[in-house]
Amino acid sequence: MAPAARMRPSDDALSIVMEALSRRFADRFSVSAAVREQHAHTLTWIPNQPPDCVVFPQDTAEVAEIVRLCAKHGAPIVPFGTGTSLEGHVNAPFGGVCISTERMNEIVAVHPEDLDAVVQPGVTRKRLNDHLRDQGLFFPIDPGADASLGGMAATRASGTNAVRYGTMRDNVLGLTAVLASGEIIRAGGRAKKSSSGYDLTRLLVGSEGTLGVITELTLRLHGTPEAIAAGVCPFPSVAAACAATTATIQCGIPVARIELLDALQVRACNAYSKLALPEVPTLFLEFHGSDAGVAEQSERFGEIAADLGGGPFEWATRTEERNRLWQARHDAFWAAGAMRPGARPMSTDVCVPISRLADCVAETQVDIAASGLIAPIVGHVGDGNFHCLPLIDMANPAEVAACEAFVGRLVERALAMGGACSGEHGVGQAKMKHLEAEHGAGAMAAMRAIKRALDPQNIMNPGKIVIP
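Let us look at the structure shown here. Worth saying up front: this structure is predicted, and the values here are computed from it rather than measured. (Residues numbered from 1 in each chain as written. Predicted model: local features only at pLDDT ≥ 70, side-chain atom pairs only at ≥ 80, totals over all residues. Heavy atoms only, no water.)

Some details on a nonpolar patch on the surface
Moving on, step 1. The grouping of Tyr198, Leu200, Leu203 and Ile450 at the surface amounts to a nonpolar patch, some 410 Å² of accessible area in total.
Moving on, step 2. Residue position: Ile450 is located in helix 17 (residues 441-454).
Moving on, step 3. Its relative accessible area of 35% is what places Ile450 among the partly exposed residues. (Patch = residues over 30% accessible without salt bridge, like charges linked within 9 Å, V, L, I, M, F, W, Y side chains within 5 Å. Areas by Shrake-Rupley, 256 points an atom, 1.4 Å probe, with all protein chains shown as cover. Salt bridge = Lys/Arg side-chain N within 4 Å of Asp/Glu carboxyl O. Helix = DSSP H or I, 4+ residues; strand = E, 2+ residues; numbered from the N terminus. Buried < 20%, exposed > 50% of the residue type's maximum accessible area, 1.4 Å probe, protein only.)

In structure tokens:
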């Protein structure tokens, strides 16, 4: 069978795989409908496509054992972290075996002197940071949800801190992975840099489980800042808020987080998180450094905002106030959904150069209004990445079609401005059709060649990113 013709494995082959896994893993193997549905896509409007079974390994050797069995019988494999991804990454369109990393949750080692940690993929970012707190260290990547670190690496996650600390691409020093053959490989290491060989670490980070299963990660850590200041700043328009963002970055102010909420999203957060913010375009910001440093950064930003008609910029250093602010930002998805009971949020993102951010957001707002959609906007605007959250009545075909058309135009707009079809959500099932427009036919051919070389049977998360 050609890889591109991937179909469900035969009933006989699947039966052999499932019987073997049941004997080997006992209570760490499940065919329960509820468990299988929990391990497929659940957060947005993409249909749930559950695997045939779910298995819960505890270490790299067990993952390799599962993969070798699946490879022998041509059974698809879908790696699973916590299921917080948004583009259908964990669906199983061809059935097969879901490898859940839930029980691979050991923090293997922390090396404070070297600012790194070694973890299994099922460790979540919050758990790692709780473990690090007493050592004066933290892991900065914060996509909002308490995602697993393996899943964050697989989707090349970023989030609110990316403007200062980068994405998972920048913070994964090395990893262990099981390839489609069942072979275990080690890529990268604990050294802060290397110029030897192909960069397999960066190849696997962001591969969404299509090239292998990540079973261990070496992560870059950072020292906890001496002082943290956070605050909110209202603006008369989205354009003014975006202009303030651009000016802040260009002035070299080392902002740690700078998040845009449009007026509709502020209204949603006020209702859901019990805030009392003016319902106008608003920036949420955070600064890290010394007491004097964060005070200076906050004051400089306040001056920039005032010059653009924004403000007042109100900032605070008390932990409770900061946590309440950022919890409201992280709850934006649920806050938006609560605006229209019975509808489903369809979260999508694009990324553009920050010099085009104001244009892209403004044109998108015009498009939303013309489409008759309810779609709050929220974004990590310090790196040009923003999200739209159309609220869709899935029982209304015309509304679904209008949303799909809107997302297509949003991507086209971002690409025309030199951007990307996704800044952090990834490709999964939902954005495969946009990849060639972004990368070109030659690059897509190279991606397909890599997929065929590392996964000749197309068993690793098939139906995602590329069709080989």
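Regarding the environment of Leu285
Moving on, step 1. Tracing the sequence through the fold places Leu285 in strand 14 (residues 282-289).
Moving on, step 2. Each C-alpha atom, one on Leu285 and one on Val178, is 40 Å from the other, the two residues being 107 residues apart in sequence.
Moving on, step 3. Not counting the four nearest positions on each side in its chain, Leu285 is found in contact with Ala229, Ala230, Gly231, Cys233, Val255, Arg257, Ile258, Phe301, Phe313 and Trp326. (Contact = heavy atoms within 4.5 Å.)

Description of the nonpolar core
Moving on, step 1. Judged by nonpolar contacts, the single largest core of 52 residues is most densely connected at Phe235, Leu283, Leu285, Phe287, Phe301 and Phe386.
Moving on, step 2. For this core, the element with the most residues is helix 15 (residues 397-416), which contributes seven residues.
Moving on, step 3. Aside from chain neighbours lying at most four places away, what touches Phe301 is Cys233, Phe235, Ala244, Thr248, Ile253, Ile258, Leu283, Leu285, Phe287 and Phe313. (Core = buried A, V, L, I, M, F, W, Y, C linked by side-chain atoms within 4.5 Å.)

A closer look at helix 10 (residues 263-273)
Moving on, step 1. Of the positions making up helix 10, those classed as buried are Gln265, Val266, Ala268, Cys269, Asn270 and Ser273.
Moving on, step 2. At its buried positions, helix 10 is contacted by strand 13 (255-261), strand 14, helix 12 (319-330), helix 13 (332-337) and strand 18 (377-380).
Moving on, step 3. At the C-terminal side of helix 10, Lys274 shows a positive phi close to 60°.

Description of the pairing of strand 4 (residues 97-100)
Moving on, step 1. Here strand 4 shows two buried faces, one formed by Val97 and Ile99 and the other by Cys98 and Ser100.
Moving on, step 2. Sheet analysis places strand 2 (residues 53-55) next to strand 4, joined by three bridges and oriented parallel. Residue pairing in the sheet places Val54 in a bridge with Cys98 of strand 4.
Moving on, step 3. The sheet contact formed by strand 3 (residues 77-80) and strand 4 spans four bridges and is parallel. Bridged to Phe80 within strand 4 is Ser100. (Pairing = 2+ DSSP bridges.)

Topic: the pattern of salt bridges
Moving on, step 1. Within the structure shown, the criterion is met by 23 salt bridges.
Moving on, step 2. For Glu62, the salt bridge identified is with Arg24, shortest N-O distance 3.4 Å. Of this pair, Glu62 sits in helix 3 (residues 60-73) while Arg24 sits in helix 1 (residues 11-25), and the two are 38 residues apart along the sequence.
Moving on, step 3. Judged by its relative accessible area of 9%, Glu62 is buried.
Moving on, step 4. Residue class for Arg24 comes out partly exposed when judged on its relative accessible area of 36%.
Moving on, step 5. The salt bridge involving Arg190 is made with Asp114; its shortest N-O contact spans 2.6 Å.

Focus on the layout of surface pockets
Moving on, step 1. A volume near 760 Å³ is recorded for the second largest pocket.
Moving on, step 2. Lining of the second largest pocket is provided by 31 residues; of these, Arg156, Gly206, Glu208, Val427 and His439 occupy positions nearest its centre.
Moving on, step 3. Counting only elements with at least two residues in the lining of the second largest pocket, the list comes to helix 8 (200-204), helix 16 (435-439) and helix 17.
Moving on, step 4. In the lining of the second largest pocket, the residues fall into twelve nonpolar, eleven polar and eight charged. (1 Å grid on protein atoms, 1.4 Å probe; cavity = no way out; pocket = protein on both sides within 12 Å on 5 of 7 lines; lining within 4 Å. Points joined across faces, edges and corners; volume = space filled by probe spheres on them. Nonpolar A, V, L, I, M, F, W, Y, C, P; charged D, E, K, R; others polar.)

A word on the environment of Pro121
Moving on, step 1. Structurally, Pro121 is set in the loop between strand 6 (116-119) and helix 4 (125-132).
Moving on, step 2. Each C-alpha atom, one on Pro121 and one on Leu149, is 5.4 Å from the other, the two residues being 28 residues apart in sequence.
Moving on, step 3. Not counting the four nearest positions on each side in its chain, Pro121 is found in contact with Thr101, Met104, Ser148, Leu149, Gly150, Ile214, Thr215 and Glu216.

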